[in-house]
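Summary of structural features
Below, each chain spelled out in residue letters.
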2 protein chains.
Amino acid sequence: MLPKTPAKGMRDFLPAEFALRQYVLSTIQSTYESYGFSRIETPAVENIALLTSKQGGDNEKLIFKILKRGEKLKESEQGELCDLGLRYDLTVPLARFYANNAGQLPAVFKAMQLDSVWRADRPQRGRFRQFVQCDIDVIGEATNLAETELILATTTALDKLGFSDVNVRISDRRLLNALARCAGFSEQQTPAVFIALDKMDKIGVVGVMQELEAVAPDKAEPFINLICRITAAEDPFALCAEELGDYLPAEVRKNLEEILYVTNNCITNGKVSFDVTLVRGMGYYTGTIYEISVEGLTSSVAGGGRYDKMIGRIMGTDVPACGFSIGFERIVLLLQERGFVPPAKRGMAVLVDKNMDKKQLLDVEQACRHLRERRKVTVLRKAKNFGYQLKQLAESGCDEIYEFRNGKFEKLG
Amino acid sequence: MLPKTPAKGMRDFLPAEFALRQYVLSTIQSTYESYGFSRIETPAVENIALLTSKQGGDNEKLIFKILKRGEKLKESEQGELCDLGLRYDLTVPLARFYANNAGQLPAVFKAMQLDSVWRADRPQRGRFRQFVQCDIDVIGEATNLAETELILATTTALDKLGFSDVNVRISDRRLLNALARCAGFSEQQTPAVFIALDKMDKIGVVGVMQELEAVAPDKAEPFINLICRITAAEDPFALCAEELGDYLPAEVRKNLEEILYVTNNCITNGKVSFDVTLVRGMGYYTGTIYEISVEGLTSSVAGGGRYDKMIGRIMGTDVPACGFSIGFERIVLLLQERGFVPPAKRGMAVLVDKNMDKKQLLDVEQACRHLRERRKVTVLRKAKNFGYQLKQLAESGCDEIYEFRNGKFEKLG
């Protein structure tokens, strides 16, 4: 017997769930369009060399790899079996896209991607092996106009989806670097320091301290103390400036203060605040980083940051870049939990007799042709189990049901 | 250096091309919705057992196969390396979807799928390794109400895309079988007969006859003669009935005549006609088959048919099914050749000074916030090469460009 179920960790979407997903996508798209972002698309499949170029972090361990074909497979028995893979995010393909098409793109390119990605992760509740990401990126803009607009566009999209109280946290990788350096951690130790700090909301201060002691026993406590003092400070930037001195470039403070000022004065559905414990997982960030959480979910629903060095690895010249990614599946899950149903076009069903002849069928089709200019009309043979048919039609969103007899519509139910 | 270009046979879509593609998709979707079809989605990746179950015909030779991962790969060194693959069409996954979800679907299920498929084909002009198909299928309807509505929905969608003169050709696999049997070909020879006949528009009558002579030398000529006489006949169905006698079940003629009568009297952008040389490639068709061609393209832009036995192979019980698939990429190519540009929302650009302070930036963002409720507004730093920036903005569809100075918009260019 053939398998009926989708492959492990993958999903079928029935009409109602598909409609919700498309509503969310189209709300995000129209909001992002109003901010001047344009949709682009890259293929689902990329060369394996791009996907394994150490820009995807741990996601590179989760690639679905595609076997070589034909002669190439035969020749490769001693070597690599795979030449392609499914993309695990939309950022690495975007960097390649920009490098490939820069000549045809404007100096400041505002890209939107709403697309599936694939990760061979262990499936668990709310985590799937094919899922949608909604990314916007500003490429070619070095100033914080990029971050400001990314944050406003993303919080506005969430507002339009009914998230009226969002919490945006923001920091800067250069500030985290300064903190690590100031506490005496070496450059080589910094990634481990970030990984530990990133777990603050899961394992707490004591847990983070224990992990840091494993990195450098004598540096953990002063580092954690400083983090706690900054978190508690009335003016955290003043304290950072005072404590970090020359470790912290002046523009980092100015950058964060400007973004906070503009976004907090514009946002209507929540607040934006500095969070010194914010790390973000990916290694490619070079400056500002940010994350959004909403009520009802401990993990974030959106995140992003500046990655000024990534495109250069493919193009040869660095191009400033900055992005924000909405975790689409989490948004859909939250809306489903709230019982949200997207607005739908009114539907009408026309039932016809099983033995209707071709002249009668032509009558129905001609009558429906005009109705279909402005509404959904489904023509169906009247079922033997008529009561059940009416029930199913009502459930599938038909709000008017007619029978077509003797050239006329007769309303039912 | 990392690869900049997409993988072989795959494409990047820049904003203008993406917008055209999305316009075509949304036109098709809204038309199909008006006929009562609902969108569903299956994963891009399916179990390899499903994809290689001999329902995909020659497409099964073109599967992108996905390597097993982790322990499973190590264990499989003697056996199969792959457990998954990318779908090569939307019909085989739909049959699995229906088998998996039948309990939650209405008795007559009208499905729409607009999605990518992948084939490791030799890339050539207009043929790609990732491309979009637009399928509608009626599952659970045994009568030709299904075929009638599929043909009307598809021709209406093409009409809305500007194809005002379409040519729908229709036949029935049961009629082709009767012809082959009547000419003396055995059941085993029938697939080869169909493959030969399918090449009529490429290799002509003489070419087809030569191929048929290779199958059975003495049966080729009478078969071809009959095909030619039916093609030329004033009433081809009467001739078929006369010549084929008991080989042709009576309902086949009635089925085709009814579909032709209703669709020809409803269609406003072309005609529907019987074509005895129509075969369609796939082996799974069991009844009516049809194809649409438009001016400017020798190959068809849409095709489909009835496949009443396919779902049964997965579900265990047969369910009548009938579908129509639009070749999306061909439609897009034709529209591009015609220079068609989809309608777009008006765009506006606001240029701000490079050294603008945070108060001024807040002014801009607050002013744009309201404008964005009804139009696209992109905020950009004024570039050094200002003239070039204006040119690029005009090209990217900005029809109004403003500078924001001293709290006010000043119109430019």
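Residues numbered from 1 in each chain as written. Chains lettered and ligands numbered in written order. Predicted model: local features only at pLDDT ≥ 70, side-chain atom pairs only at ≥ 80, totals over all residues. Heavy atoms only, no water.

So the rule is basically this: UniProt positions are given in the numbering used here, feature names are shortened, and annotations may be inferred rather than shown by experiment.
As annotated in an unreviewed UniProt entry, chain A is Histidine--tRNA ligase from Candidatus Fimimonas merdipullorum. Turning to chain A, the UniProt record has this under Subunit (unreviewed entry): "Homodimer." In the Sequence similarities (unreviewed entry) part of its UniProt record, chain A is described as follows: "Belongs to the class-II aminoacyl-tRNA synthetase family."

**A short note on the relation of the copies chain A and chain B**
Put simply, the test is: We superpose the copies by least squares over the C-alpha atoms of residues that have a pLDDT of at least 70 in both of them. When checking whether two residues touch, look at their non-hydrogen atoms; a contact exists if any pair is within 4.5 Å.
Its rotation angle being 180°, the transformation that places chain A on chain B also includes 0.0 Å of axial translation and leaves an RMSD of 0.0 Å. Put plainly, the chains are arranged around a two-fold axis. Ranked by how close their C-alpha atoms come to the rotation axis, the residues of chain A are headed by Ile 66 of chain A, at 2.2 Å. Residue by residue, 99% of the interface of chain A is reproduced at the interface of chain B, so both copies engage with the same surface.

**Here we look at the UniProt feature "binding site: L-histidine" (unreviewed entry) in chain A**
All names here are of chain A. Selection rule: By the criteria applied, helices consist of DSSP H or I runs no shorter than four residues and strands consist of E runs no shorter than two, each listed in order from the N terminus. Whether a residue is buried, partly exposed or exposed follows from its accessible area with a 1.4 Å probe, protein chains only, as a fraction of its type maximum: under 20%, in between, or over 50%, in that order. Here a polar contact is taken to be a pair of N or O atoms separated by no more than 3.5 Å, where protein atoms must pair a possible hydrogen donor with a possible acceptor and residues adjacent in sequence count only if both atoms sit in side chains.
Sites flagged by UniProt as "binding site: L-histidine" (unreviewed entry) map to Asp 89, Leu 90, Thr 91, Arg 119, Gln 133, Asp 137, Arg 280, Tyr 284 and Tyr 285. Mapped onto the elements, Asp 89 comes out in the loop between β4 (82-86) and α4 (91-101). Accessibility expressed as a relative area gives 5% for Asp 89, which makes it buried. The contact partners of Asp 89, leaving out residues within four places of it in the chain, are Val 117, Arg 119, Gln 133 and Tyr 284. At 3.2 Å, the side chain of Asp 89 forms a polar contact with the backbone nitrogen of Thr 91. With respect to the helices and strands, the residue Arg 119 is situated in the loop between β5 (109-118) and β6 (130-139). Taking relative accessible area as the criterion, Arg 119 reaches 16% and is therefore assigned buried. Ignoring anything within four residues of it in the chain, the contact list for Arg 119 reads Asn 59, Leu 62, Phe 64, Tyr 88, Asp 89, Phe 128, Arg 129, Phe 131 and Gln 133.

**Brief notes about the sheet that holds strand β15 (residues 408-412) of chain A**
Residue and element names in this part refer to chain A. To keep it simple, the criterion reads: Strands pair, by our definition, only if DSSP identifies at least two bridges between them. Structural elements are reduced to axes, namely lines fitted to C-alpha atoms, with helices fitted over the stretch in contact, and the angle between N-to-C directions of any two is expressed from 0 to 180 degrees.
Across the sheet, which stays open at both edges, the 4 strands sit in the order β13-β12-β14-β15 with mixed pairing between neighbours. Since the sheet does not close on itself, it has two edges, and those belong to β13 (376-381) and β15, each with one partner. Between one strand axis and the next, the sheet turns through 30° on average, direction left out of account. Pairing between strand β12 (residues 347-352) and β13: 6 bridges, direction parallel. Across the sheet, the residue bridging to Ala 349 is Thr 378, located in β13.

**So, the pattern of salt bridges**
A side chain of one charge can pair with a side chain of the opposite charge when the charged atoms of the two come close. The criterion, for reference: Counted as salt bridges are all cases of a side-chain nitrogen of Lys or Arg within 4 Å of a carboxyl oxygen of Asp or Glu.
If you walk through the whole model with that rule in mind, you get 60 salt bridges over all chains. Of the charged contacts, one joins Arg 169 of chain A and Glu 291 of chain A as a salt bridge, the two residues approaching to 2.8 Å between their closest N and O atoms. Here Arg 169 of chain A, found in strand β7 (residues 166-172), pairs with Glu 291 of chain A, found in strand β9 (residues 288-294); they are 122 residues apart in sequence, far enough to count as distant. Owing to a relative accessible area of 19%, Arg 169 of chain A belongs among the buried residues under this scheme. In this structure, the salt-bridge partner of Arg 405 of chain B is Glu 410 of chain B, at a minimum N-O distance of 3.3 Å. On the accessibility criterion, Arg 405 of chain B (40% relative accessible area) is partly exposed. Taken together, the shared-partner salt bridges connect Lys 110 and Glu 149 of chain A together with Glu 365 and Arg 372 of chain B into one network.

**Looking at the packing of aromatic side chains**
The relation between two aromatic rings is expressed through the spacing of the ring centres and the mutual angle of the planes. Our working definition: Only the six-membered ring of Trp is used, alongside the rings of Phe and Tyr, when aromatic pairs are assigned; centres must lie within 6.5 Å, and planes under 30 degrees apart are stacked while those over 60 apart are edge-to-face, with the rest tilted.
In this structure the tally under the stated criterion is 20 aromatic pairs over all chains. Between Tyr 284 of chain A and Tyr 285 of chain A the ring centres are 5.0 Å apart and the planes differ by 65°, which places this aromatic pair in the edge-to-face class. By relative accessible area, Tyr 284 of chain A is classed as buried at 11%. Looking at Tyr 285 of chain A, the relative accessible area reads 9%, which means it is buried. Relative to Phe 223 of chain B, the ring of Phe 185 of chain B lies with its centre 5.5 Å away and its plane at 85°, an arrangement referred to as edge-to-face. Residue Phe 185 of chain B is found in the loop between α6 (173-182) and α7 (190-197), and its partner Phe 223 of chain B is found in helix α9 (residues 217-232); the two are separated by 38 residues along the sequence. Given the relative accessible area of 2%, Phe 185 of chain B is considered buried. On the accessibility criterion, Phe 223 of chain B (2% relative accessible area) is buried.

**Regarding the domain arrangement of chain A**
Stated formally: Boundaries of every domain are those given by an automatic assignment or by a domain database.
Once the domains are mapped, chain A shows domain 1 (15-337) and domain 2 (347-411). One C-alpha centre belongs to domain 1 of chain A, the other to domain 2 of chain A; they are set 50 Å apart.

**Brief notes about the pairing of β15 of chain A**
In this sheet, β15 of chain A lies alongside strand β14 (residues 398-405) of chain A in antiparallel orientation, the contact comprising 5 bridges. Looking at the pairing, Glu 403 of chain A lines up with Glu 410 of chain A of β15 of chain A.

**Examining the interface of chain A and chain B**
Here is the rule we go by: A 1.4 Å probe defines the accessible area here, and the buried area is the portion of it lost by two parts on being joined, summed over both. Charged means Asp, Glu, Lys or Arg here, nonpolar means Ala, Val, Leu, Ile, Met, Phe, Trp, Tyr, Cys or Pro, and polar covers whatever is left, Gly included.
Each partner contributes residues to the interface: chain A has 98 residues there, and chain B has 97 residues. Counting the surface lost from both chain A and chain B, the interface buries some 8800 Å², and carbon and sulfur atoms represent 60% of this. With a closest N to O distance of 3.4 Å, Glu 373 of chain A and Lys 160 of chain B form a salt bridge. Connecting chain A to chain B are 36 residue pairs in polar contact (both at pLDDT 80 or more). The element best represented in the side of chain A that touches chain B is helix α14 (residues 358-371) of chain A, accounting for 7 residues. Considering only residue class, the side of chain A that touches chain B consists of 48 nonpolar, 24 polar and 26 charged.

**Topic: the environment of Leu 361 of chain B**
Residue and element names in this part refer to chain B. Relative to the elements of secondary structure, Leu 361 occurs in helix α14 (residues 358-371). Assessed through its relative accessible area of 4%, Leu 361 is described here as buried. Along the chain, Leu 361 and Ala 153 lie 208 residues apart, while their C-alpha atoms are 51 Å from each other.

**Considerations on the sheet that holds strand β1 (residues 38-39) of chain B**
All names here are of chain B. The 8 strands lie next to each other as β1-β5-β6-β11-β10-β9-β7-β8, forming an open sheet whose pairing is mixed. The open sheet is flanked by β1 and β8 (270-274), the only strands paired with a single partner. Two elements, strand β7 (residues 166-172) and β8, share 5 bridges in a ladder whose sense is parallel. Note that in β8 the partner of Asn 167 across the bridge is Lys 271.

**Let's talk about the packing of helix α1 (residues 15-34) of chain A against helix α5 (residues 145-160) of chain A**
Residues and elements named next belong to chain A. Rules: Note that the term roughly parallel is reserved for angles under 35 degrees, roughly antiparallel for angles over 145, roughly perpendicular for angles of 65 to 115, and oblique for everything else. What makes a crossing left-handed is the near helix being turned counterclockwise from the far one by less than a right angle; a clockwise turn instead makes it right-handed.
Between α1 and α5, the shortest axis-to-axis distance is 9 Å and the interhelical angle comes to 140°. One element, α1, and the other, α5, form an angle in the oblique class. Crossing hand, α1 versus α5: right-handed. Of the residues in α5, those touching α1 at Tyr 23, Thr 27, Ile 28, Thr 31 and Tyr 32 are Ala 153, Thr 154, Thr 156, Ala 157 and Lys 160. A breakdown of the residues in the contact of α1 with α5 according to their chemical character gives 5 nonpolar, 4 polar and 1 charged.

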